[in-house]
Amino acid sequence: MSLLSHRVRGFRLVDVIALGLLVLLIMSVYLAKTMAGRERAEIASVERLIAAERAQIRLLQAEVAHLEQPSRIERLSSAYLDMGPVAVTQEATPEALAQLSLPAAARAKPAPAPEAAP
Amino acid sequence: MSLMGLVTRRFPFGLRWLGASFWRLEHAFERARAAGRVEDDARIRIFVVMLCFGLGFGVLAIGATQAALFSGAARHAVTGWTPPQARADLVDREGRLLAADLLHFGLYVDPAEVWDLEATRVALARALPEVDAERLERALSGERRTFLVGGMTPVEKAALHRLGLPGISFEPEQQRVYPLNHTASHLIGFADTGGQGLAGAELALNDDIRSLAGGGGEVALSIDLRVQGALEDELRKAAQAYGPKGAVGIVAHVHTGEILGLASYPDFDPNEASAATADQRLNRAASSVFEMGSTFKAFTVAIGLDTGVATMASTFDAREPYQLGYRKISDFHASRKVLSLVEVFQHSSNIGTARLAVGVGPERLSRYFTDLGLTTAAAVELKESASPLTPKVWNQDAVASTSFGHGMNVSPLALTRAMLPLLNGGKMIPLTVRRQAPGYRPEGKQVLSETTSAQMLQIMRANVTGGSGGKADAAGLSVGGKTGTGEKYDPAIRRYNDKRQVSSFAAVFPSDGPLENDRYFVLILLDEPHGSPETFGYSTGGWVAAPATGALISRIAPFLGISRHIGPLEHQPRLASAPTILAEAR
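This is a predicted model, so every value here is computed, not measured. (Residues numbered from 1 in each chain as written. Chains lettered and ligands numbered in written order. Predicted model: local features only at pLDDT ≥ 70, side-chain atom pairs only at ≥ 80, totals over all residues. Heavy atoms only, no water.)

## Observations concerning the overall build of chain A
Here comes step 1: Counting its regular elements, chain A contains four helices and two strands.
Here comes step 2: Secondary structure elements of chain A, listed N to C terminal, follow the sequence β-β-α-α-α-α.
Here comes step 3: The buried share among the 118 residues of chain A stands at 14%.
Here comes step 4: Of the roughly 9100 Å² of accessible surface on chain A, a fraction of 68% belongs to carbon and sulfur atoms. (Helix = DSSP H or I, 4+ residues; strand = E, 2+ residues; numbered from the N terminus. Buried < 20%, exposed > 50% of the residue type's maximum accessible area, 1.4 Å probe, protein only. Areas by Shrake-Rupley, 256 points an atom, 1.4 Å probe, with all protein chains shown as cover.)

## Concerning the packing of aromatic side chains
All names here are of chain B.
Here comes step 1: Considering all chains together, one arrives at nine aromatic pairs over all chains under this definition.
Here comes step 2: Consider the rings of Tyr538 and Trp543, whose centres lie 6.0 Å apart with planes at 15°: the pair is stacked.
Here comes step 3: Its relative accessible area of 23% is what places Trp543 among the partly exposed residues.
Here comes step 4: Site record: aromatic cluster; members linked through ring pairs are Phe296, Phe299, Phe369 and Trp394.
Here comes step 5: Over the aromatic face of Phe345 sits the side chain of Lys482, whose NZ or CZ is 5.6 Å from the ring centroid. (Phe/Tyr/Trp six-rings, centres within 6.5 Å; stacked < 30°, edge-to-face > 60°. Lys NZ or Arg CZ within 6 Å of the ring centre and 35° of its normal.)

## Re the sheet that holds strand E18 (residues 480–490) of chain B
Residue and element names in this part refer to chain B.
Here comes step 1: Pairing within the open sheet is antiparallel, and its five strands lie in the order E9-E8-E20-E19-E18. On the outer flanks of this sheet lie strand E9 (259–265) and E18, each paired with one strand and no other. Pairwise comparison of adjacent strand axes, ignoring direction, gives a mean angle of 10° for this sheet.
Here comes step 2: Note: E18 against strand E19 (residues 495–509), eleven bridges, orientation antiparallel. (Pairing = 2+ DSSP bridges. Axes fitted to C-alpha atoms, helices over the stretch in contact; angles between N-to-C directions.)

## Focus: the packing of helix H16 (residues 350–360) of chain B against helix H18 (residues 396–403) of chain B
Residues and elements named next belong to chain B.
Here comes step 1: Between H16 and H18, the least distance of the axes is 8 Å, while the angle of their chain directions is 135°. Overall, the two elements H16 and H18 adopt an arrangement that is oblique. Of the two possible hands of crossing, H16 and H18 adopt the one that is right-handed. Of the residues in H18, those touching H16 at Thr353, Ala354, Ala357 and Val358 are Gln396, Val399 and Ser403. (Parallel < 35°, antiparallel > 145°, perpendicular 65-115°, else oblique. Left-handed = near helix turned anticlockwise from the far one by under 90°. Contact = heavy atoms within 4.5 Å.)

## Notes on unusual backbone geometry
Apart from glycine, the bulk of residues carry a negative phi angle, and the bulk of peptide bonds sit in the trans form.
All names here are of chain B.
Here comes step 1: A cis amide bond links Tyr265 with the next residue in sequence, Pro266, at an omega value of 0°.
Here comes step 2: Here Pro266 lies in the loop between E9 and helix H13 (278–281).
Here comes step 3: For the bond running from Phe509 to Pro510, omega is -15°, close enough to zero to count as cis.
Here comes step 4: Inspection of the secondary structure assignment puts Pro510 in the loop between E19 and strand E20 (520–527).

## A look at a nonpolar patch on the surface
All names here are of chain A.
Here comes step 1: On the surface, Leu19, Val23, Met27, Tyr30, Leu31 and Met35 cluster together into a nonpolar patch covering about 620 Å² of accessible area.
Here comes step 2: Assignment of secondary structure puts Leu31 in helix H1 (residues 13–67).
Here comes step 3: Classification of Leu31 by relative accessible area gives partly exposed; the value is 42%. (Patch = residues over 30% accessible without salt bridge, like charges linked within 9 Å, V, L, I, M, F, W, Y side chains within 5 Å. Salt bridge = Lys/Arg side-chain N within 4 Å of Asp/Glu carboxyl O.)

## Side note on the confidence of the model for chain A
Here comes step 1: Of the residues in chain A, 84% reach a pLDDT of 70 or more, and the chain-wide mean stands at 82.
Here comes step 2: The low-confidence segment residues 113–118 of chain A (pLDDT under 50) makes zero contacts with residues lying over four places distant or belonging to another chain. (pLDDT = per-residue confidence, 0-100.)

## Let's talk about the side chain of Glu291(B)
All names here are of chain B.
Here comes step 1: The topology assignment puts Glu291 in strand E10 (residues 290–291).
Here comes step 2: The buried charged residue Glu291 lacks any salt bridge partner; its closest oppositely charged side chain belongs to Arg327, at an N-O distance of 8.8 Å.
Here comes step 3: Reaching out from Glu291, the side chain makes a polar contact with the backbone nitrogen of Gly407 at a distance of 2.6 Å.
Here comes step 4: Within the local environment of Glu291, its side chain forms a polar contact with the side chain of Tyr496, the two groups lying 2.6 Å apart. (Lys, Arg positive; Asp, Glu negative; His and termini not counted. Polar contact = N/O pair within 3.5 Å; in protein donor to acceptor, adjacent residues only side chain to side chain.)

## Observations regarding the nonpolar core
Residue and element names in this part refer to chain B.
Here comes step 1: By size, the foremost hydrophobic cluster in this structure holds 102 residues, and its most contacted members are Phe296, Phe299, Leu374, Leu413, Leu422 and Met456.
Here comes step 2: Each of domain 2 (89–221) and domain 3 (228–556) gives at least three residues to this core.
Here comes step 3: Those residues in contact with Leu422, other than ones at most four positions away along the chain, are Ala298, Phe299, Ala302, Leu372, Leu448, Ser453 and Met456.
Here comes step 4: Listed in part, the 32 residues of the second largest apolar core include Val251, Val522, Ala548 and Leu552. (Core = buried A, V, L, I, M, F, W, Y, C linked by side-chain atoms within 4.5 Å. Domains from an automatic or database assignment.)

## Some thoughts on the environment of Gly189(B)
All names here are of chain B.
Here comes step 1: Structurally, the position occupied by Gly189 is in the loop between helix H9 (185–188) and strand E5 (190–191).
Here comes step 2: Counting along the chain gives 94 residues from Gly189 to Asn283, while the straight-line C-alpha distance between them is 9.4 Å.
Here comes step 3: Sequence-distant contacts of Gly189, that is, excluding residues within four places in its chain, are made with Tyr178, Ala199, Gly200, Ala201, Glu202 and Pro270.

## Examining the environment of Val360(B)
Residue and element names in this part refer to chain B.
Here comes step 1: Within the fold, Val360 resides in helix H16.
Here comes step 2: Look at Val360 and you get buried, because its relative accessible area is 4%.
Here comes step 3: The spacing of Val360 and Val399 is 39 residues in sequence and 9.0 Å in space, taken between C-alpha atoms.
Here comes step 4: Residues within four places of Val360 in sequence aside, it is in contact with Ile303, Gly304, Thr307, Val309 and Leu365.

## Looking at the packing of helix H2 (residues 70–80) of chain A against helix H12 (residues 225–242) of chain B
Here comes step 1: Relative orientation of the contacting elements H2(A) and H12(B) amounts to 65°, with a least axis distance of 9 Å. As for the relative orientation of H2(A) and H12(B), their crossing is right-handed in sense. The segment H2(A) lies against H12(B), with Pro70(A), Ser71(A) and Glu74(A) engaging Leu225(B), Gly229(B), Asp233(B), Arg236(B) and Lys237(B).
Here comes step 2: A class-by-class count of the residues in the contact of H2(A) with H12(B) yields two nonpolar, two polar and four charged. (Nonpolar A, V, L, I, M, F, W, Y, C, P; charged D, E, K, R; others polar.)

## Description of the side chain of Lys488(B)
Residues and elements named next belong to chain B.
Here comes step 1: Inspection of the secondary structure assignment puts Lys488 in strand E18.
Here comes step 2: Using a relative accessible area of 16% as the deciding quantity, one classes Lys488 as buried.
Here comes step 3: Within polar-contact distance, the side chain of Lys488 engages the side chain of Glu528 at 3.0 Å.
Here comes step 4: The contacts of Lys488, once residues within four sequence positions are left out, are Lys245, Arg495, Tyr496, Asn497, Arg500, Gln501, Val502, Asp527 and Glu528.

Right, dumping it as structure tokens:
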């Protein structure tokens, strides 16, 4: 008796196998589709969130640019911090710091002449 | 008639074949039993059915897998859409945002879905006071969904959404926003709601801005926002002090032609460009032309040196007014002595300059003016760049007039461009509003010799240390420059009016060091300023524009990496504590 003619509880083995394969195919396609759909929905949702966040970031960047506009900073810093453009008397190079830390009298005094060699 | 017979007669061949095949298959079992081969034919039948199912499911599985895994439709729907009017961001040379498309919303009304017409009318009128009642009524009483108002921010949209009005819906739209409002308004320009640039860089670089939209691209302008801020502040202070009808400020790199700052006063808010007056929208740096006055003497002196007509040792007799044809040319402050070339520049002597120009001659002077770009619109991307008004005939009279900046109207940008060869080694280069790569040096025609350029730097410096530009000096920054005061022609009195002047200062810093060093040109121009008690009533360039130029240079030098070259204690008399610094900074 060939395998195709073999019967299990009255059903042909080939029919049972075919039915099993059919059910397996249906289930696998269903599961794959369902899971992929869920993933896709999740991806779309995350991407929507990213897009919304990006839009929000751009809004905030524009807001920062608006708040940091030079004329506004200038107005606020002079009105509330009593500040203004840096004057030349307020600039110093790192090399000059040592001299600037000396008292005014010491700075005005010329450097002592080196001692004569014996 | 049998069913087979009906199929055979009524239907086309294809259907008939399909019907016959089905019929044969359906009766195969009966035929097989009759032939005694029941089992064999049942197996064939099962195999055929299995094959069909298998093929069908195979196709479905492949299709489903492809649709599930490889379709980008959903992703595209979320992020990939770029509106047709989209424009790329504009940023300054350091990447600070100047203009951007931001998500806004348009509000639509669908009368068919409105439940309570009166309540909706009242709620919308209260929430949207800018929408006139007639327009609202038309939208509510119409027969179809109507656009009511656009440009709503997300916050405005959320507030309206919370009212829960049926029949009200929103659609996303992009809107061009200029977050800096008035800052650099004339340089940035503005675009219309259709995404088309209408003015400034928005118009000049329209194609680039459109093509880079959507991909997160940005277009970098040449301006430095810190320089721009200081420029506008100093220009505003000068405008408040001297009440001109307009003012211009320009800062440019002499070797690259990059415009680091450009201001035109009065200015406007590009977010509400339509609400601004034509006078506010006018870019005086590019669109207005002026008789510049004595700043042109820099060109005349440079041409005199370059042609060999004059040397640094040349002298000019300015003891008496210079009679040229029917014209008598005299000096604003008559020195009544023989002047050296440097003194001609320092005293801004009309007599000396006219004598020099006559020596150069009309043909050479006009050729040099052409080479310096003074007879054409300034070469820059800005479409507003205006053509100059030049003498129709280059005769002795035109030579004398143009030598000290009369009889020829040019835009401040054209003056700026023409000044660059005097300061950069003699190369004529275009101005640009685009940020250029570090080390960029554009190609350009050599219109003056390097020697002439080096001499002009010395002469301009001498004018600040001992001439009319003294008020523009900034400690340790080796500022050089030339004052300019051009009287305006007054049609009412049919002659030049000494009460209406264009006062300017054209500066360079630092004027020392090798020619190839980084160096910057600064122009401050006031159109019809008024003298004040502090200026003893004078409104000339040396009194009203030079101080603003010096103050500006002092402020922007650190931003541009130019350090002061003076002794450590010369400008630092004491170590100021923080409170002292704060107190003195006023």
